[in-house]
Amino acid sequence: MNRLGIESPRGLVAFAALTGCLVAMAVAALTGAGEVFAAAGLAGCGCELLLHRTAPGLMTRLGRLHMGATSRFEFRCVLLLLLLGRLHVTGPIGLAAAMTLVLCLLAGQALHAALTTLIRRRRALAVAARNIDLRRLNISDRPPRRLTEWPGQRILVYELSALLGLTASLTTGDARWVVAALTLAAGSSLVTVMALVPYLIRAARRLPGAAEVLAEVNAWLTHHHPRTVLYFSGPRERADQVTRWLGPVAALHTPSLVILRERELLDALEPTPLPVLCVPSAAHLSQLDLSGVRVALYPANTGRNIHLLRIPTMQHVFLAPGDGDETAAVDPYSKVYDQVWVAGAAGRRRYVQAAVGVEDADIVEIGRPQLDGLRVAGTGQAPTPAPLPTVLYAPTRDLAAGEPVVRALLESERPVRVVYRPHPPTARRSPEDRAAHRRIVALIQAANERRAAEALAANALGEGSFAADAVSADTLAAEALATEASGGNAPGGDALGGNAVTPDGPGGEPGDVQSPRTGPSPSDTPHTEALRAEAARHRAELTKRIAALDARLRRADADEAMLTRDRAAPDPALLTEAEGLHREWHQAHWAASPPWLHQVIEGDAPTLHSCFDQADLLIGDPSDVVADFLATLKPYALTAPAGVGEEEFRRQNVMARAAYPLGPGATGMHNLLRPLFDPSLDELRTARREVREFLLGPATPPSIQRFTDAVDALAEKGEAVVRLRDLHTAPPPGAGRWSITR
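Note that the structure is a prediction, hence the values are computed from the model and not measured.

**Some remarks on the overall build of the protein chain**
Next, step 1: The helix and strand tally for the protein chain stands at 27 helices and 14 strands.
Next, step 2: Every one of the 742 residues in the protein chain was classed for burial, and the buried ones make up 49%.
Next, step 3: Taking all contacts inside the protein chain whose residues are at least 6 apart in sequence as the whole, residues at least 24 apart take part in 73%.

**Some points on the pairing of strand β6 (residues 315–319)**
Next, step 1: Across the five residues that make up β6, a large majority, five, are buried.
Next, step 2: Burial along β6 is two-sided: the residues Q315, V317 and L319 and H316 and F318 are all buried.
Next, step 3: Sheet topology note: the strand β5 (residues 295–298)/β6 ladder contains four bridges and is parallel. Its bridge partner being in β6, L297 is matched across the sheet by V317.
Next, step 4: Note that β6 and strand β7 (residues 339–342) share three bridges and pair parallel. From the neighbouring strand, F318 faces β7, where its bridge partner is V340.

**What about helix α7 (residues 151–172)?**
Next, step 1: Look at α7: 32 Å from first C-alpha to last across 22 residues, which is about the 32 Å you get at 1.5 Å a residue.
Next, step 2: Turning to α7, its buried residues number three or more, namely G152, R154, I155, L156, Y158, E159, S161, A162, L163, G165, L166 and S169.
Next, step 3: In the stretch just after α7, G173 is the one whose phi turns positive, near 75 degrees.

**Structural notes on the pattern of salt bridges**
Next, step 1: In this structure the tally under the stated criterion is 23 salt bridges.
Next, step 2: The partner of R72 in a salt bridge is E48, with the nearest N and O atoms 2.7 Å apart. With R72 in helix α4 (residues 69–87) and E48 in helix α2 (residues 34–54), this residue pair connects regions lying 24 residues apart in the sequence.
Next, step 3: Residue class for R72 comes out buried when judged on its relative accessible area of 8%.

**Brief notes about empty space enclosed by the protein**
A probe as big as a water molecule, rolled over the atoms, marks out the empty space that is left.
Next, step 1: Taken as a whole, this structure holds four cavities of 30 Å³ or more when the rule is applied.
Next, step 2: Considering only enclosed or pocket space, the largest cavity measures out at about 110 Å³ in volume.
Next, step 3: Around the largest cavity, the lining residues are M25, F37, F73, R76, C77, L80, L105, E159, A162, L163, L166 and L182.
Next, step 4: Going through the elements one at a time, α4 and α7 are the ones with two or more residues in the lining of the largest cavity.
Next, step 5: For the lining of the largest cavity, the per-class residue count stands at ten nonpolar, no polar and two charged.

**Structural notes on the sheet that holds strand β13 (residues 636–639)**
Next, step 1: Read from one edge of the open sheet, six strands run β11-β10-β9-β12-β13-β14, paired in parallel fashion. Of all the strands in the sheet, just β11 (599–600) and β14 (660–662) have a single pairing partner and so form its edges.
Next, step 2: When strand β12 (residues 617–620) meets β13, the two strands line up parallel, connected through three bridges. Its bridge partner being in β13, G620 is matched across the sheet by L638.
Next, step 3: In the packing of helix α16 (residues 403–410) onto the sheet, the strands contacted are β9 (390–393), β10 (417–420), β12, β13 and β14, and the crossing angle to β9 comes to about 170 degrees.
Next, step 4: Packed onto the sheet, helix α25 (residues 669–677) meets β9, β12, β13 and β14 and runs at close to 155 degrees relative to β12.

**Re the environment of A659**
Next, step 1: Summarising the element assignment, A659 is placed in the loop between α24 (646–652) and β14.
Next, step 2: Distance in space between the C-alpha atoms of A659 and V691 is 9.8 Å, their sequence separation being 32 residues.
Next, step 3: The residues contacting A659, other than those within four sequence positions of it, are Y636, A637, L638, R650 and L684.

**Comments concerning the nonpolar core**
Next, step 1: Among the nonpolar cores identified, the biggest contains 60 residues, and L409, I619, Y636 and M669 are the most heavily contacted of them.
Next, step 2: With sequence-adjacent residues up to four places away left out, Y636 is seen in contact with L617, L618, V626, F629, L630, M655, A658, A659, Y660, R688 and V691.
Next, step 3: In this structure, A129, M314, V330 and Y351 belong to the second largest nonpolar core, which totals 41 residues.

Rules and cut-offs
- All residue numbers refer to position in the chain's written sequence, counted from 1.
- This being a predicted model, a pLDDT of at least 70 is required before a residue's local features are given, and a value of 80 or more before pairs of side-chain atoms are given or counted; all residues contribute to the totals for chains, interfaces and linings.
- The basis for every side-chain value is the complete set of non-hydrogen atoms in the structure, without hydrogens or water.
- The helix and strand labels rest on DSSP assignments: H or I over at least four residues marks a helix, E over at least two residues marks a strand, and numbering proceeds from the N terminus.
- In this scheme, a residue with accessible area under 20% of its type's maximum is buried, one over 50% is exposed, and one in between is partly exposed, where area comes from a 1.4 Å probe on protein chains only.
- Here a residue-residue contact requires only that any non-hydrogen atoms of the pair lie within 4.5 Å.
- For two strands to be treated as a pair, DSSP must find no fewer than two bridges joining them.
- Multiplying 1.5 Å by the helix residue count minus one yields the expected span of that helix.
- Basic side-chain nitrogens of Lys or Arg form a salt bridge, by our definition, when they fall within 4 Å of a carboxyl oxygen of Asp or Glu.
- The distinction between a cavity and a pocket rests on a 1 Å grid over the protein atoms alone: a 1.4 Å probe fits inside a cavity but cannot get out, while a pocket stays open yet meets protein on both sides within 12 Å along at least five of seven lines, and a residue with an atom within 4 Å of a point counts as lining.
- Grid points are joined across faces, edges and corners, and a volume is the space filled by probe spheres set on the points.
- Asp, Glu, Lys and Arg are counted as charged, while Ala, Val, Leu, Ile, Met, Phe, Trp, Tyr, Cys and Pro are counted as nonpolar; the rest, among them Gly, fall into the polar class.
- Axis definition: a line fitted to C-alpha atoms, over the contacting stretch in the case of helices. Angles run 0 to 180 degrees between N-to-C directions.
- Joining through side-chain atoms within 4.5 Å is the link that ties buried Ala, Val, Leu, Ile, Met, Phe, Trp, Tyr and Cys residues into a set, and such a set is a nonpolar core.

And the structure:
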């Protein structure tokens with residue numbers, strides 16, 4: 001179904017029904033069965049409306065195949081005329097009138113599409129912006145959405161009108177009904193076209209041209225004088241590559257700027273206080289006054305980077321990708337940058353060994369500023385220990401190999417809670433991985449049903465080891481929620497619902513992770529259930545508030561030009577509110593579910609880092625996910641591919657040297673889970689600290705400080721280069737003056 005763009009069985013049924021309706025209409029038109037034609041047409045309208053809501057991907061795909069809503073509408077109009085010709089209800093004059101009205105209706109639709117396209121293209125500014133004051137450009141409003149959008153639904157209204165008129169004519173034998181209905185549809189289409197004409201004239205006369213927009217942007221650049229630029233070009237699906245650096249760049253104490261090259265990235269970008277420019281054209285980018293910029297940061301290695309790399313007054317930096325895989329690509333193109341910034345010594349060694357022309361002196365280790373908000377095991381900041389340890393399974397590839405892993409976790413002798421979060425989302429995976437994902441979800445759902453039954457039995461009898469753990473879990477959840485409700489400090493203080501990192505003392509080893517409690521304790525189950533229900537209600541309320549806030553930040557009634565005009569400056573209160581709502585949502589999410597309930601996380605929330613804070617153990621494959629988890633110093637396991645021995649696996653992957661191995665078929669699961677219940681059995685604690693420092697850099701100073709210091713140092717170097725360049729290009733003394741010796 002996904003290959004067709006259909007996301008649900010209901011959408012598949014609607015698509016099959018729509019196809020059947022079209023076939024039935026064609027047969028009815030050829031045979032003169034007017035009643036069948038009208039009934040099939042009305043049913044087809046219902047299927048079209050259902051598909052627009054349940055399978056928009058299919059509608060888009062049909063449009064690319066030239067079988068979109070307009071083409072289907074034209075086909076049905078031809079069938080209607082054919083039917084009228086065979087029925088002889090209208091007579092020659094009525095048939096001619098119907099043909100004329102249908103042609104007017106189709107012409108109106110063509111004109112509407114042309115005007116909409118012209119207005120959209122004319123309103124596409126040379127440079128789009130966010131948090132930059134360009135209000136002096138006097139950008140006008142776009143046409144109302146009811147005039148320009150939902151063409152498929154508008155066509156359905158016209159078609160429904162014609163079908164109702166046909167039904168009335170067939171019932172009464174009076175052809176004037178169908179002619180009147182077609183007149184109403186054609187007239188409505190022409191009125192819509194006429195309503196768009198003033199907006200086209202306004203767009204042609206009043207919207208600023210490229211020269212005017214560039215002049216206003218350059219005036220803003222001269223006034224604000226940004227020193228650092230975060231530059232990105234890529235598809236919308238890769239927007240996370242630039243989003244992850246918005247926070248560190250916003251933390252710089254000097255003015256900064258974000259430059260994007262694709263318009264679709266503006267909508268995908270997370271809310272930020274940073275000024276943002278979207279400059280699709282290389283010619284327009286070359287006309288921007290970026291003479292004050294000293295440092296340019298590139299989070300991705302793309303061909304369009306060359307458009308900024310050719311500016312000699314900047315120091316260009318490639319922000320190398322994560323160090324999750326020792327075989328990560330090292331592109332020889334990296335040598336065009338002045339410096340390459342990596343997380344730790346592993347990234348430096350990767351470039352040195354690759355010998356692609358990047359000098360060791362040009363590699364700077366800055367750590368991972370994005371990980372500074374994670375909880376670190378053994379720092380005294382861990383939340384109240386749960387009776388059931390939480391195992392996070394976060395695969396990035398080969399979900400079929402993960403099925404035995406999940407099964408072994410669910411069937412382990414000592415119960416654990418499983419949080420399954422595949423990355424990236426399953427929608428971007430192969431059909432085989434999606435099938436394996438569905439099987440894993442079914443396993444977890446069945447395990448949750450069994451646990452729910454055991455929890456109910458525990459409330460009634462208080463028997464069984466898991467029952468005791470479940471009761472104790474409810475007690476701890478109730479205590480945590482009660483503390484938060486009474487105004488106490490709930491665990492979690494960063495944007496992800498977790499505490500900030502507290503680095504280990506100088507030269508000290510992190511302390512032991514607290515052992516989870518396993519003994520039963522008294523529980524007020526009704527009170528606990530009430531608290532969880534309150535947390536679930538609060539989460540639902542926060543979801544609505546976040547959606548409303550997102551609607552304010554990403555206005556559906558405004559196009560790119562209007563957002564450029566209206567988003568002239570960041571709203572600190574709005575950004576603070578958004579951050580607080582997301583933090584509260586994560587706290588409510590984890591509080592709303594019983595601590596013994598397995599969870600499947602398929603979307604973007606809860607975030608991966610929020611799952612890190614909940615997990616006592618991570619199971620994954622060599623990837624950036626595991627590398628990020630290393631910052632917590634919690635134990636983790638890596639799934640080794642079949643045919644690769646443990647020693648060879650550790651040799652190929654540095655992070656495997658501090659990981660518990662998990663062979664094919666989840667062999668070794670029993671030994672893996674033992675440290676969760678007895679921390680003294682955790683033999684790799686010291687190794688994790690060493691590997692973390694090798695991959696991510698030292699814990700002190702914090703990564704954000706190293707990042708800021710690196711930007712400042714490179715900016716000073718850039719200033720020195722510019723001064724030297726100006727000195728060399730300055731005219732000699734007396735140049736341009738007359739001299740008697742000449």
